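Coordinates in review
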Amino acid sequence: MLCAGRLGGLGSRAAPLWPRRAGSRGLGARIRARGVSTSWFPVGAAFNVKPQGRRLDLFGERRGLFGVPELSAPEGFRVAQENALRKADLLVERVCSVAPGPQTVLIFDELSDSLCRVADLADFVKIAHPEPAFREAAEEACTSIGTAVEKLNTNVELYRSLQKLLADKKLVDSLDPETRRVAELFMFDFEISGIHLDKEKRKRAVDLNVKILDLSNTFLMGTNFPNKIEKHLLPEHIHQNFVVAGNHVIVDGLHAESPDDLVREAAYKIFLYPNAGQLRCLEELLSNRDLLAKLVGYSTYSHRALQGTIAQSPETVMQFLEKLSDKLSERTIRDFEMIRGMKMKLNPQNSELMPWDPPYYSGVIRAERYNIEPSLYCPFFSLGACMEGLNTLFGRLLGITLYAEQPARGEVWCEGVRKLAVVHESEGLLGYIYCDFFQRAGKPHQDCHFTIRGGRLKEDGDYQLPVVVLMLNLPHPSRNLPTLLTPGMMENLFHEMGHAMHSMLGRTRYQHVTGTRCPTDFAEVPSILMEYFANDHRVVSQFARHYQTGQSLPKNMVSRLCESKKVGAAADMQLQVFYAALDQIYHGKHPLTASTTDILRETQEKFYGLPYVPNTAWQLRFSHLVGYGAKYYSYLMSRAVASMVWKECFRRDPFNRTAGERYRREMLAHGGGKEPMLMVQGMLQKCPSIDDFVSALVSDLDPDFETFLMDSE
């Protein structure tokens, strides 16, 4: 039983507490429409001005974070967690005494909700709140709720109350599909914790889970730890590119965008130099995951991780990756030849293409061919204009309007946070999005979506409105200058808002499956689909206006930007195939056939094409092995689905209301309460094959003829 918090582009998934996956069907007339509020105001203006303080709130009641009364001070986390744990005890007692039936699932979901409403909120506050006292209190709450969840996951009486329901075929057949799926998901969560095993094996499973959590945290910290080298071993003229501490040069990243080949080479070889402790940690992590998977009845960790996903099995994933690699092969070779040509032009003495070269030289080629200097675009992408663009898009596609709402005193954790009400034209208020968009000291440098509270139908017939946070790292507006976004920042904003709409529009009966609580290879589909809208000139032309003159962004600038993204795109995708294949092999059959570094070298040679560099161990920096273990392929598969949805449903008309309503009905409304492939089939009106997925990804790399025509206008 878990709580899933963060979700962002690949790599921002938080560890769950009671794993939640999915949602269910819309609830129609059973949900009462929420009325409008006179305190709402236009969304664009709220983001293009610097906040003027909260004078109106000084004498108002202090409500607490997210409107939770207890959280007006750090000590309130203890009160909130104690209340949640007391309620959990009562619900456990209740579910164990009630006769098996639909009520069993409702009580399980309420139990999950009571814990997750504290844990999810605390998971966000512990990394995002600027005050140490709040962060520490939230960390303690996470630990306390986590301990309670571990006990619940090993509570045999609780497990048997659900087992009785699922063992009764007549009862199971009487459940509606959504309730049955949620019951099965709760059972799956129990059994991957080993509760169905005998006492000795159950203890072994608990011990392995604890060990895996510790190893995951240790490995994650190690992925960002800098390496150092004695100063005299590096040419003096490149010292200035790194931090110098005494007799050592500190290297804390790959410096992939540096124009100096030697700086990139040095950073690559030093930052990726193997650390023996990190190597042991990874080997132990992979080994313990395999032991746990086998203990609870799976042949590999990958088989366990992929249950319930679009892919369903590691065999399907590898088939997908191998077919994609084959289709990309010639394009990737052409990309490497193009990049090598640019390197030869700029550095004829050293023209061999190495793994540290593609990001930099691809950027050079993009700039040379398309003149896409970000400073030319930023004046057209003020944050307020982009938010109005999203508002227009959601209004025309889905009948939704975003309104800014003044938060109460103490409701937000930082002055720059904006609160948005998401309002449907006939259903009323759907939920709230808190936008933590601006840079500040100590804030994580990651674009993320956090679920704070999941939506669910309550016993009194009211709907518990979803609450989410979107976190970006944008520059602050000033008195005379609004926040101006680069094209990449604009696309990231659209991506994260795709996650938010998934959360807002998932009208599920059970919070365990609300919004983004769905299989990983489906969770990124709504966010990646929004990237297609962000790159369509018909959408961009609706909002991209120069913040001073009001001039529209010229169409040919939009076309150049879109086409520039295809430079080196096959090689980039090939790199992702390599990473995904490596992840599958690491989580496949154990014991591994070779060391993790030897497997890296072999997989790189097979799936990428650029040579492995001796005495490097990139896998030790592969942080996604923790949050996306055996699931790194998800980004590629989600992109394939999003590409198909775009081409089939929105490419002809990105504002098509009929397609928008179908998208909500078939995909967004269900969260994880329906098999992901059934949602894809419902949207596409066909069952896509692996070949269809591969073709969709590869066709995205082709030049757009319409774009070339537009560019010549």
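What you see is a predicted model, and the numbers here were worked out from it, not measured in a lab. (Residues numbered from 1 in each chain as written. Predicted model: local features only at pLDDT ≥ 70, side-chain atom pairs only at ≥ 80, totals over all residues. Heavy atoms only, no water.)

**Here we look at the overall build of the chain**
- Tallying secondary structure elements over the chain gives 28 helices and 12 strands in all.
- For the chain, whose C-alpha radius of gyration is 26 Å, the value lies close to the compact-globule estimate of 27 Å for 713 residues.
- Dimensions along the principal axes, computed over C-alpha positions, put the chain at roughly 80 × 60 × 55 Å.
- Considering the chain as a whole, with its 713 residues, one finds that 58% of them fall into the buried category.
- Put simply, of all contacts in the chain between residues at least 6 apart along the chain, 75% involve residues at least 24 apart.
- Of the side-chain charges in the chain, 84 are positive and 85 negative, and the distance between the mean point of each set is 3 Å. (Helix = DSSP H or I, 4+ residues; strand = E, 2+ residues; numbered from the N terminus. Rg over C-alpha atoms; globule rule 2.2 N^0.38 Å. Buried < 20%, exposed > 50% of the residue type's maximum accessible area, 1.4 Å probe, protein only. Contact = heavy atoms within 4.5 Å. Lys, Arg positive; Asp, Glu negative; His and termini not counted. Charge placed at Lys NZ, Arg CZ, Asp CG, Glu CD.)

**Topic: the state of the cysteines**
- Summed over the entire model, instances satisfying the criterion amount to 0 disulfides.
- The structure places no disulfide on cysteine 448, whose sulfur is separated from the nearest cysteine sulfur, that of cysteine 435, by 14 Å.
- Cysteine 448 sits in the buried class, given a relative accessible area of 1%. (Disulfide = S-S within 2.5 Å.)

**What about unusual backbone geometry?**
- Cis geometry marks the peptide bond from histidine 590 to proline 591; its omega dihedral reads 0 degrees.
- Position of proline 591 among the secondary structure elements: in the loop between helix H21 (569-586) and helix H22 (596-607).
- One non-glycine residue, histidine 255, lies in positive phi territory at about 50 degrees.
- Relative to the helices and strands, histidine 255 is located in the loop between strand S5 (248-251) and helix H9 (261-271).
- The partly exposed category is assigned to histidine 255, whose relative accessible area is 27%.

**Observations regarding the domain arrangement of the chain**
- One can read the domain layout of the chain as domain 1 (42-60 + 377-564), domain 2 (65-194), domain 3 (202-224 + 275-350 + 566-712) and domain 4 (226-272).
- Each of domain 1 and domain 3 has a C-alpha centre, and the two are 27 Å apart.
- Across the boundary between the two partners, domain 1 contributes 43 residues, which contact 49 residues of domain 3.
- The junction of domain 1 with domain 3 conceals about 3,900 Å² of combined surface from both sides, 62% of it contributed by carbon and sulfur atoms.
- Considering only the surface of domain 1 that becomes buried against domain 3, Asp521, Tyr532 and Glu563 emerge as the three largest contributors, covering 20% of it.
- Lysine 566 serves as the salt-bridge partner of glutamate 563, at 3.2 Å between the closest nitrogen and oxygen.
- Across the domain 1-domain 3 interface, the total number found is 15 residue pairs in polar contact (both at pLDDT 80 or more).
- The set of elements that each furnish at least two residues to the side of domain 1 that touches domain 3 consists of helix H15 (383-398), helix H16 (487-505), helix H17 (520-523), helix H18 (525-534), helix H19 (537-540) and helix H20 (555-564). (Domains from an automatic or database assignment. Buried area = accessible area lost by both parts, 1.4 Å probe. Salt bridge = Lys/Arg side-chain N within 4 Å of Asp/Glu carboxyl O. Polar contact = N/O pair within 3.5 Å; in protein donor to acceptor, adjacent residues only side chain to side chain.)

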